[in-house]
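# Fold and geometry: a report
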Amino acid sequence: MIKVKYISLLLFFLFSYTNLVAQDYNKEKTEIKILLDQAFSDYNNAQYDKALESSKQALINSFGVNDDSYIAQSYNTLGVIYNECSDSKKAIEFYLKALSYAKKTNKDKLLNWIYGNIGSVYYYNLNDVPKGLNYYKKALYYAEKMKDSTDIINTKINIVSAYYAINKYDEGNLYLKGIQEHVQKNGDQENKMILASLLGTYATSHNKKAEAEQYYAKAQEIAKEIRYDSYLISIYDNLVHHYKRYQEPEKAKKYNEKSDSLSKVVYSEDKLDELQKAALQIELDEYKNQLERIELVNEKHQQSKKDSRLIVILFIVILIILLLLLLTLYKNVKIREQANQELQLANEALIEAKEKAEEASQLKSQFVSTITHELRTPLYGVIGITNIILDEHKELFNSPHLKSLKFSAKYLLSLVNDILQINKIEEKRIVLESLIFNLTDEITMIKNSVEYIADKNNDVLTVEIDTAIPEFLIGDKLRLSQIIMNLVSNALKFTKNGEVAVFANLKNVVDKTYFIEFQVKDTGIGIAKEDQEKIFEKFVQIERKEEDYQGTGLGLSIVLSLIKLFNSEIDIVSEENIGTTFSFTIGFEFDEDKSKEIINNIEVDLSTSQLYNILVVEDNKINQVVTKKMIEVSNMSCTIVDDGFAALVALERESFDIVLMDINMPLINGFDTSRKIREKGITIPIIALTAFDKQEVAEQAISAGMNDVLMKPFESSMLFQVIQNQVNKRETAN
């Protein structure tokens, strides 16, 4: 299904929506409106650099008058420009900022357009049609709430296009029926063009060739008439798909050439470069405005200082009183010194015992670290070689032997990670983080990742989330995901031909903390009452008579420990052959200002994919093969050396973009090799590849001059993400 590209330009009519303009700063707001109108004109003429400049100035002026409505409009305009130039990540960043300010205004029309634009980014550029549909339906809610026929038609057209894109024509037609006749009779040229393109797409997919070509011809005619070049490109792309479907390669080639030719004019590289430069300038201007506000607050604080002299005088009086008390305490200390001497001997004995306990704990930690390292190293080879075999021999894709090998390796890796996790918790090396996250997205991701277990056991897995829970929360989403993942996996493992459900309900709100109750229910085999306290102990598995359930016995122990980190408790209600319910409550922060600050500080990767020349320093022959294959599959070149001295020679003879450095090597380890590289004045990024836990070596790696640490085994996507980030940082610094 070829997408019928349609990003609503009606958002620019926002500039004439006078009801959004406040009465204060009339002159300044008039100037802002003129700038936004100019951006609209330049955008329609595909002069994106000029449109961006006008939008940027409008944003600065909007901050100057502190008008949330105009700030939202300016950010929204920036998002449209970047989305049109296929910079999806930057577009979403600006749209989310626009949404945060729009919510303060409670303007239904503004919210309608922003939700619609976010939906278009996910649908057209990121190929996430379900997520795009979700935002489109939010936009439709506000359009219908206002009873605005124009916005209702535009939003429904987007929904129809999205459903067509995933071949759900019946669902799309439900929305199309209500607007088709109105558009054909009373719609403007743009809507008629889009409707014709949609009907052409539908006709193509239903083997109505002549009818489809008539609709496409009509769409082309209108697009050329109103000079809508970006949409004309989409029509050409649809015709390429159409003629390929009916095996007319010459015509398909003709329209493909037309699409390429027009795209080079509309989306030139010079324009995209200017957009990236302008984006950096916009961020600097935002920081400037924020700094001016901070300085204003500081002036108020200085004024407050002058009024607090009385407090200082009182403080001095209290200090004198405290000094008198200290003199009294000094006498008491002298009396107690004699008693302390007697306690000193006892303390020395306790210190000796403590040192022995610490030594034993250190030996245990060292043992766990060594074991996990020695297991991860061959697992990297096993998983990597398995993937290589699957890539080179597609006929073995369904081989039960290879699947068993890969499953066994991942199962062993899971065991190693569980042991390391328990060790970290016992040594109190886990600190909860404060990150912004979407609870629905996190639980949905967990649901998708364990769906295969549900299918295997013929279980129905459902998720129900209270709509009263805010869209964005602040807390440690990683630890929460680990808790829910372990509970859901455990429930699915002990449930056959039944149901597993995950619930999240808002329990109560205290200040800015939202307490959410989570429940994981199953209809599995249940747990006997005498065994319910044992299941949270380490390495404990309750004996089962009928089946052998695999597992380490660490999952629920990890769950209990992580929940305690959240200062919470877990409850269990279970009955044999009926089912089990685990429940716990965790408080997460909801703060719009703090969420906005975190969103504004999100780094957006504006770079494009490049080919890099990579130096791999690795002594293990199997790992050399795996790493080399990962790199070469992505059409990048690499040179492999066995030790650090060979790496120094290679760097003197050849230019590389990045170094992948093993840590444990003979002759000279990765840390010392990195130090020697830095001593030579070589600034190339160095990424440490290690089977040790990242927290154990991160500090030593940074002090040795390394830029990042990647723990084996790892997925190729993670490797190239780290490589791309480091190369971008180096280019930015230069």
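Residues numbered from 1 in each chain as written. Predicted model: local features only at pLDDT ≥ 70, side-chain atom pairs only at ≥ 80, totals over all residues. Heavy atoms only, no water.

Along its length, the protein chain carries 26 helices and 12 strands. By residue count, 45% of the 734 residues in the protein chain fall in the buried class. Long-range contacts, defined here as pairs at least 24 residues apart, represent 68% of the contacts in the protein chain between residues at least 6 apart. Carbon and sulfur atoms form 52% of the exposed surface of the protein chain, whose accessible area is close to 39,600 Å². (Helix = DSSP H or I, 4+ residues; strand = E, 2+ residues; numbered from the N terminus. Buried < 20%, exposed > 50% of the residue type's maximum accessible area, 1.4 Å probe, protein only. Contact = heavy atoms within 4.5 Å. Areas by Shrake-Rupley, 256 points an atom, 1.4 Å probe, with all protein chains shown as cover.)

Moving on, we get to the sheet that holds strand β9 (residues 637-641). Taken together, 5 strands build an open sheet; the order of strands is β9-β8-β10-β11-β12 and the sheet is parallel. Each having just a single partner strand, β9 and β12 (708-711) make up the two edges of the open sheet. This sheet shows a mean twist of 25 degrees between the axes of neighbouring strands, independent of strand direction. As defined by bridge partners, strand β8 (residues 613-617) adjoins strand β10 (residues 658-662) across 4 bridges and the pair is classed as parallel. (Pairing = 2+ DSSP bridges. Axes fitted to C-alpha atoms, helices over the stretch in contact; angles between N-to-C directions.)

On to the packing of helix α10 (residues 189-205) against helix α11 (residues 209-225). It is the contact of α10 with α11, at a shortest axis distance of 8 Å, that shows an interaxial angle of 155 degrees. Between α10 and α11, the crossing angle belongs to the class labelled roughly antiparallel. α11 is crossed by α10, and the crossing has left-handed handedness. When α10 is examined against α11, the residues Gln189, Lys192, Met193, Ala196, Ser197, Leu199, Gly200, Thr201, Ala203 and Thr204 are found in contact with a partner set consisting of Glu211, Ala212, Tyr215, Tyr216, Lys218, Ala219, Ile222, Ala223 and Glu225. A per-class count over the contact of α10 with α11 returns 10 nonpolar, 5 polar and 4 charged. (Parallel < 35°, antiparallel > 145°, perpendicular 65-115°, else oblique. Left-handed = near helix turned anticlockwise from the far one by under 90°. Nonpolar A, V, L, I, M, F, W, Y, C, P; charged D, E, K, R; others polar.)

Moving on: the packing of helix α3 (residues 68-84) against helix α5 (residues 108-125). Orientation of α3 relative to α5, taken along the N-to-C sense of each, is 20 degrees, at an axis distance of 11 Å. Relative to α5, the element α3 lies roughly parallel. Helix-helix and strand crossings are classified by hand; for α3 and α5 the assignment is left-handed. Across the interface between the two elements, Ser69, Ala72, Gln73, Asn76, Val80 and Asn83 of α3 pack against Leu110, Ile114, Asn117, Val121 and Asn125 of α5. Along the lines of polarity and charge, the residues of the contact of α3 with α5 split into 5 nonpolar, 6 polar and no charged.

Turning to unusual backbone geometry, a few remarks are in order. You will see that Asn66, though not glycine, has its phi angle at about 55 degrees, which is positive. Tracing the chain through its elements places Asn66 in the loop between α2 (48-65) and α3. With relative accessibility at 52%, the residue Asn66 sits in the exposed group. Phi is positive for Asn167, which is not a glycine, with a value near 60 degrees. Its location among the elements puts Asn167 in the loop between α7 (149-165) and α8 (169-176). Residue Asn167 is classed as partly exposed on the basis of its relative accessible area of 47%.

Further remarks concern the confidence of the model for the protein chain. Detailed reading of the predicted coordinates is not advisable wherever pLDDT is low. When pLDDT is averaged along the protein chain, the result is 79, and 76% of the positions lie at 70 or above. At the low end of the mean pLDDT range in the protein chain sits helix α14 (residues 269-306), at 53; at the high end sits strand β5 (residues 513-522), at 95. Confidence drops under pLDDT 50 across residues 1-23; counting only partners more than four residues distant or on other chains, this segment forms 83 contacts. This model gives residues 603-608 a pLDDT under 50, and the stretch forms 13 contacts once residues within four places in sequence are excluded. (pLDDT = per-residue confidence, 0-100.)

Turning to the pattern of salt bridges, a few remarks are in order. Summed over the entire model, instances satisfying the criterion amount to 22 salt bridges. Note that Lys33 is salt-bridged to Asp37, the shortest N-O span being 3.1 Å. Of this pair, Lys33 and Asp37 both sit in helix α1 (residues 26-44), separated by 4 residues, roughly a single helical turn. By relative accessible area, which is 25% here, Lys33 ends up partly exposed. Ionic pairing is found between Lys185 and Glu181, a salt bridge with its closest N-O pair at 2.9 Å. Residue Lys185 and its partner Glu181 are located together in helix α9 (residues 180-186), separated by 4 residues, close to a single helical turn. Pair check on accessibility: Lys185 and Glu181 agree, each one exposed. In the salt-bridge network here, residues are joined through shared partners; they are Lys209, Glu213, Glu248 and Lys251. (Salt bridge = Lys/Arg side-chain N within 4 Å of Asp/Glu carboxyl O.)

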